[in-house]
Amino acid sequence: MKERLKELELEAIEKINQASELKELNEVRVSFLGKKGPITEVLRGMGKLSVEERPVIGALANEVRTAIAEKIDEKQKILEAELVQRKLASETIDVTLPGRRVNIGNHHPLTKVVEEIEDLFIGLGYTVAEGPEVETDYYNFEALNLPKGHPARDMQDSFYITEELLMRTHTSPVQARTMEKHGGKGPVKIICPGKVFRRDNDDATHSHQFMQIEGLVVDENIRMSDLKGTLEVFAKKMFGEDREIRLRPSFFPFTEPSVEMDISCKICGGKGCNVCKGTGWIEILGAGMVHPRVLEMSGFDSKKYTGFAFGMGAERIAMLKYGIDDIRHFYTNDIRFLKQFLPTDR
Ligand code: DAH
């Protein structure tokens with residue numbers, strides 16, 4: 001029995017040494033020290049021994065059991081420490097790794113230009129007005145002195161929804177709507193940016209949907225010189241103090257007289273180049289003194305009140321300001337195009 005116990009001890013120690021996982025070690029513990037283990041069996045068989053032998057074997061069995069238990073505890077500590085080391089190694093965070101860059105959004109170049117123009121006019125005392133994109137024939141045409149039969153009403157030019165409803169072809173209807181709301185009392189001073197729609201085939205300079213910015217001032221004693229001064233301030237703020245403006249006679253049914261405003265070409269300094277088509281001037285917007293009939297139709301006394309109005313394409317302004325050569329860039333949203341307008345500090 002002594003030999004058997006010594007054997008068991010050696011066997012157990014070998015198994016303990018071999019165990020490389022806590023689970024394995026636990027199996028060794030159960031198999032050697034458990035109730036059904038070999039040591040318990042030896043103790044159970046002690047009844048067959050002589051009275052002298054019993055305490056000796058009993059003591060030895062307890063020694064072997066304690067020795068195995070101690071060995072197991074020792075090994076357990078080692079395996080637990082190893083486990084902690086392995087975890088530490090596998091879960092280390094390398095704080096020197098560069099972080100993932102988050103893409104930061106940005107305003108669309110068109111939004112930027114519109115906001116810049118809004119800010120400029122707000123600074124001059126204007127308020128921002130809005131009107132519906134689906135407009136009635138009355139406000140889009142009639143109230144602006146565009147009588148039935150005017151070429152702008154042609155199916156070729158406008159998206160009609162019904163006989164009386166269409167996608168607005170310009171932001172000018174907001175003029176009529178705003179004046180009506182004022183009930184014949186000045187002053188009116190608004191700027192109105194918004195989407196407009198035309199049945200155009202899209203190309204580098206045409207888009208079936210684009211943005212306009214409308215301006216309207218109505219008050220007593222508003223003169224052409226007020227219009228000219230306002231447009232000059234706008235042009236210089238938008239395109240640079242060294243820009244010059246010129247007004248050319250033109251025609252719009254809702255203004256009399258009507259003008260078109262050009263700015264001197266920045267690229268060639270007025271000498272003539274591709275951008276200004278050799279003229280030294282670039283057309284920017286349409287404007288004029290509000291037609292007396294338009295004032296009257298919207299409830300203003302044209303003997304007491306006068307006004308000026310202007311309208312421009314926001315894309316055209318943005319294209320000239322940023323040197324963009326194709327209007328479709330604004331709507332195809334190629335990220336490479338949009339990224340060029342990120343603030344430089346990002
Ligand atoms: N509505 C005109 C257009 O779409 C632009 C315009 C011209 C607006 C003259 C005005 C104006 O207010 O006075 O072409």
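Residues numbered from 1 in each chain as written. Predicted model: local features only at pLDDT ≥ 70, side-chain atom pairs only at ≥ 80, totals over all residues. Heavy atoms only, no water.

A. Representation of the overall build of the protein in the model. Looking only at helices and strands, the protein has twelve helices and nine strands in total. Relative to the 2.2 N^0.38 estimate, which gives 20 Å for 346 residues, the radius of gyration of the protein is 45 Å and therefore markedly larger than a compact globule would have. Referenced to the eigenvectors of the C-alpha coordinate spread, the extents of the protein come out at roughly 140 × 50 × 40 Å. Counting the 346 residues in the protein, one finds 40% classified as buried. Considering only intrachain contacts with a sequence separation of at least 6, the fraction spanning at least 24 residues in the protein is 66%. Accessible surface for the protein amounts to roughly 20,100 Å². Of this, 53% is attributable to carbon and sulfur atoms. Of the charged side chains in the protein, 49 are positive and 55 negative, and the gap between their average positions amounts to 3 Å. (Helix = DSSP H or I, 4+ residues; strand = E, 2+ residues; numbered from the N terminus. Rg over C-alpha atoms; globule rule 2.2 N^0.38 Å. Buried < 20%, exposed > 50% of the residue type's maximum accessible area, 1.4 Å probe, protein only. Contact = heavy atoms within 4.5 Å. Areas by Shrake-Rupley, 256 points an atom, 1.4 Å probe, with all protein chains shown as cover. Lys, Arg positive; Asp, Glu negative; His and termini not counted. Charge placed at Lys NZ, Arg CZ, Asp CG, Glu CD.)

B. Examining a nonpolar patch on the surface more closely. Taken together, the side chains of Val134, Ile161 and Leu165 define a hydrophobic patch exposed on the protein surface, amounting to about 220 Å² of accessible area. Relative to the helices and strands, Leu165 resides in strand 3 (residues 165-167). According to the relative accessible area criterion, Leu165 is partly exposed, its value standing at 30%. (Patch = residues over 30% accessible without salt bridge, like charges linked within 9 Å, V, L, I, M, F, W, Y side chains within 5 Å. Salt bridge = Lys/Arg side-chain N within 4 Å of Asp/Glu carboxyl O.)

C. Looking closely at the nonpolar core. If you look at the biggest cluster of nonpolar residues, it comprises 43 residues, and the most contacted ones within it are Ile117, Phe234, Met261, Leu285, Phe310 and Ile317. Where this core is concerned, the elements lending two or more residues are helix 5 (109-123), strand 5 (209-219), helix 8 (224-239), strand 7 (255-264), strand 8 (281-290), strand 9 (306-313) and helix 10 (314-322). Discounting residues that sit within four places of it in the chain, Ile317 has contacts with Val113, Ile117, Phe234, Met238, Phe239, Ile284 and Met312. Counting residues in each nonpolar core, the second largest holds 20 residues, with Ala19, Leu33, Ile39 and Ile68 among its members. (Core = buried A, V, L, I, M, F, W, Y, C linked by side-chain atoms within 4.5 Å.)

D. Geometry of the sheet that holds strand 4 (residues 188-197). One open sheet holds the seven strands; their spatial order is 1-4-5-9-8-7-6, and the pairing between them is mixed. Of all strands in the sheet, those with a lone pairing partner are strand 1 (127-128) and strand 6 (245-252), marking the two edges. Inspection of the sheet shows strand 5 paired to strand 9 by eight bridges, in the antiparallel sense. Along strand 9, the bridge assignment pairs Val217 with Phe308. Sitting on the sheet, helix 10 is in contact with strand 5, strand 8 and strand 9, with an inclination near 145° to strand 8. (Pairing = 2+ DSSP bridges. Axes fitted to C-alpha atoms, helices over the stretch in contact; angles between N-to-C directions.)

E. Representation of the domain arrangement of the protein within the structure. Segmenting the protein into domains produces domain 1 (2-90) and domain 2 (109-338). The gap between the C-alpha centroids of domain 1 and domain 2 is 95 Å. (Domains from an automatic or database assignment.)

F. Just the layout of surface pockets, in detail. Volume-wise, the second largest pocket comes out at about 350 Å³. Asn103, Ile104, Gly105, Lys339 and Leu342 are the residues nearest the centre of the second largest pocket, which is lined by 14 residues in total. Class assignment of the residues belonging to the lining of the second largest pocket gives a composition of six nonpolar, five polar and three charged. (1 Å grid on protein atoms, 1.4 Å probe; cavity = no way out; pocket = protein on both sides within 12 Å on 5 of 7 lines; lining within 4 Å. Points joined across faces, edges and corners; volume = space filled by probe spheres on them. Nonpolar A, V, L, I, M, F, W, Y, C, P; charged D, E, K, R; others polar.)

G. Broad picture of helix 4 (residues 53-90). Relative to the 56 Å expected for 38 residues at 1.5 Å per residue, helix 4 spans 55 Å between its end C-alpha atoms, a close match to the ideal helical length. Every buried residue belonging to helix 4 is among Ile57, Gly58, Leu60, Ala61, Val64, Ile68, Ile72, Lys75 and Leu79, and all of these are buried. Buried residues along helix 4 sit in contact with helix 1 (2-18), helix 2 (22-33) and helix 3 (38-44). (Expected span 1.5 Å × (residues − 1).)

H. Molecular detail of the site of the ligand. The environment of the ligand is formed by 15 residues, the closest being Ser172, Gln175, Arg198, Gln212 and Glu214. Within the side chain of Ser172, an N or O atom sits 3.0 Å from a nitrogen atom of the ligand. Here an oxygen atom of the ligand sits 2.6 Å away from a polar atom, N or O, in the side chain of Glu214. With the chains in place, 89% of the 360 Å² that the ligand exposes on its own is no longer accessible. Those elements that place two or more of their residues in the shell around the ligand are strand 5, strand 8 and strand 9. (Near = heavy atom within 4 Å. Polar contact = N/O pair within 3.5 Å; in protein donor to acceptor, adjacent residues only side chain to side chain.)

I. Up close: the packing of helix 8 against helix 10. Their axes nearest at 10 Å, the elements helix 8 and helix 10 cross at an angle of 45°. Classified by the interaxial angle, the pair formed by helix 8 and helix 10 is oblique. Contact residues: helix 8 offers Phe234, Met238 and Phe239, while helix 10 offers Ile317, Leu320 and Lys321. (Parallel < 35°, antiparallel > 145°, perpendicular 65-115°, else oblique.)

J. Examining the state of the cysteines more closely. For the structure on display, the rule yields zero disulfides. Free of any disulfide, Cys268 has its nearest neighbouring cysteine sulfur in Cys276, separated by 3.6 Å. By relative accessible area, Cys268 is classed as buried at 13%. On the basis of relative accessible area, Cys276 is assigned to the buried category, the value being 3%. (Disulfide = S-S within 2.5 Å.)

K. View of the packing of aromatic side chains. Following the criterion strictly, the structure yields ten aromatic pairs and no others. Clustering of aromatic rings is evident, with ring pairs tying together Phe121, Tyr126, Phe234, Phe308 and Phe310. One residue, Arg177, lies across the ring of Tyr139, its end atom 4.2 Å from the ring centre. (Phe/Tyr/Trp six-rings, centres within 6.5 Å; stacked < 30°, edge-to-face > 60°. Lys NZ or Arg CZ within 6 Å of the ring centre and 35° of its normal.)

L. Spatial organisation of the pairing of strand 4. Extensive coverage of strand 4 is indicated by the burial of eight of its ten residues. In this structure, strand 1 lies alongside strand 4, joined through two bridges in parallel fashion. Residue Val128 lies in a different strand from strand 4, and its bridge partner there is Ile191. Taken together, the ten bridges between strand 4 and strand 5 define a ladder with antiparallel strand orientation. Paired with Val196 across the strands is Phe210, a residue of strand 5.

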